[in-house]
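Below, each chain spelled out in residue letters.
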Amino acid sequence: MMQQEIAEIIQRELSDPRLPTITSVTRVKVSSDLSTADVFVSMMGTPGQQAAGLNALRHSAGLIRTILTKNMSLRQAPFLKFHIDEALQKELALMDLLRKVEEEQKQKTGDTPQ
């Protein structure tokens, strides 16, 4: 629920030009004492654009937390720590590698006489 709410706040409430138009909240990991939440995001763009977008989110963390507290009727929302979700980038790299292997296999089988 918190993941969805943070995603909506980013899309509707933030107007920072450093934020890429496609910014997705992939997961939120809340500490057991509810004091902090690690928010993992995925952003389209170059590594420089992603770094700028991450800085924009970190700069807006207090505002997002305030809106989150109000929208979710919480007495106190956790402190938000934003991170780029490396898992998605690793998954895309692995899929690309598998595609290349498959293409090489097709080329090898196409070159051998049957």
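As the structure is a computational prediction, the values presented were derived from the model and not from experiment.

**Q** It is not clear to me how the nonpolar core should be interpreted in this structure. Could you clarify?
**A** As a rule of thumb, nonpolar side chains are buried together in soluble globular proteins. With 23 residues, the main nonpolar core has Ile 6, Ile 10, Leu 57, Ile 64, Leu 80 and Phe 82 as its most contacted residues. Contributing elements (two or more residues each) for this core: α1 (2-13), β2 (36-43), α2 (47-59), α3 (61-71) and β3 (79-84).

**Q** Is there a simple way to think about the sheet that holds strand β1 (residues 23-30) in this case?
**A** Note: strands within a sheet are paired through backbone hydrogen bonds, in either parallel or antiparallel orientation. Read from one edge to the other, the open sheet built from three strands follows the order β1-β2-β3, with strand pairing classed as mixed. Each end of this open sheet is capped by a strand with a single partner; those strands are β1 and β3. Put simply, the sheet's adjacent strands are angled 25° from each other on average, direction ignored. The sheet contacts of α2 involve β1, β2 and β3, and relative to β3 the element is tilted by about 175°.

**Q** Could you clarify how one ought to interpret the pattern of salt bridges in this entry?
**A** Close approach of charged atoms lets side chains of opposite charge pair. On inspection of all chains with the given rule, the structure shows seven salt bridges. Residue Arg 99 pairs with Glu 103 through a salt bridge whose shortest N-O separation is 2.7 Å. Highlighted residues: Arg 99 and Glu 103, both in helix α4 (residues 86-111), separated by four residues, approximately one helical turn. Given a relative accessible area of 38%, Arg 99 falls into the partly exposed group. Through salt bridges with shared partners, one network takes in Asp 96, Arg 99, Lys 100 and Glu 103.

**Q** Is there a simple way to think about the pairing of β2 in this case?
**A** The two faces of the sheet receive side chains in turn, since in a regular strand these alternate between them. Taken across its eight residues, β2 has six buried, putting it largely inside the fold. Hairpin connection, β1 to β2: the antiparallel pair is bridged by five residues, and Leu 34 has positive phi, about 65°. Sheet analysis places β2 next to β3, joined by six bridges and oriented parallel. Bridge pairing in β3 places Asp 38 opposite Lys 81.

**Q** Where do I start with the packing of α1 against α3 in this structure?
**A** When two helices pack together, their arrangement is given by the angle between their axes and by how far apart the axes lie. One can describe the packing of α1 onto α3 by two numbers: an axis separation of 10 Å at closest approach and a directional angle of 120°. Of the possible angle classes, the one that applies to α1 and α3 is oblique. Like other packed secondary-structure pairs, α1 and α3 cross with a definite hand, here right-handed. Across from Met 2, Glu 5, Ile 6, Ile 9, Ile 10 and Glu 13 in α1, the residues of α3 making contact are Ile 64, Ile 67, Leu 68 and Asn 71. In terms of residue class, the contact of α1 with α3 is made up of seven nonpolar, one polar and two charged.

**Q** Just checking my understanding: could you explain a nonpolar patch on the surface for this structure?
**A** A cluster of nonpolar side chains, namely Leu 94, Leu 97, Leu 98 and Val 101, defines an oily patch on the protein surface of about 370 Å² accessible area. Take Leu 94: it is sitting in helix α4.

Analysis parameters
- Residues numbered from 1 in each chain as written.
- Predicted model: local features only at pLDDT ≥ 70, side-chain atom pairs only at ≥ 80, totals over all residues.
- Heavy atoms only, no water.
- Core = buried A, V, L, I, M, F, W, Y, C linked by side-chain atoms within 4.5 Å.
- Buried < 20%, exposed > 50% of the residue type's maximum accessible area, 1.4 Å probe, protein only.
- Helix = DSSP H or I, 4+ residues; strand = E, 2+ residues; numbered from the N terminus.
- Pairing = 2+ DSSP bridges.
- Axes fitted to C-alpha atoms, helices over the stretch in contact; angles between N-to-C directions.
- Contact = heavy atoms within 4.5 Å.
- Salt bridge = Lys/Arg side-chain N within 4 Å of Asp/Glu carboxyl O.
- Parallel < 35°, antiparallel > 145°, perpendicular 65-115°, else oblique.
- Left-handed = near helix turned anticlockwise from the far one by under 90°.
- Nonpolar A, V, L, I, M, F, W, Y, C, P; charged D, E, K, R; others polar.
- Patch = residues over 30% accessible without salt bridge, like charges linked within 9 Å, V, L, I, M, F, W, Y side chains within 5 Å.
- Areas by Shrake-Rupley, 256 points an atom, 1.4 Å probe, with all protein chains shown as cover.

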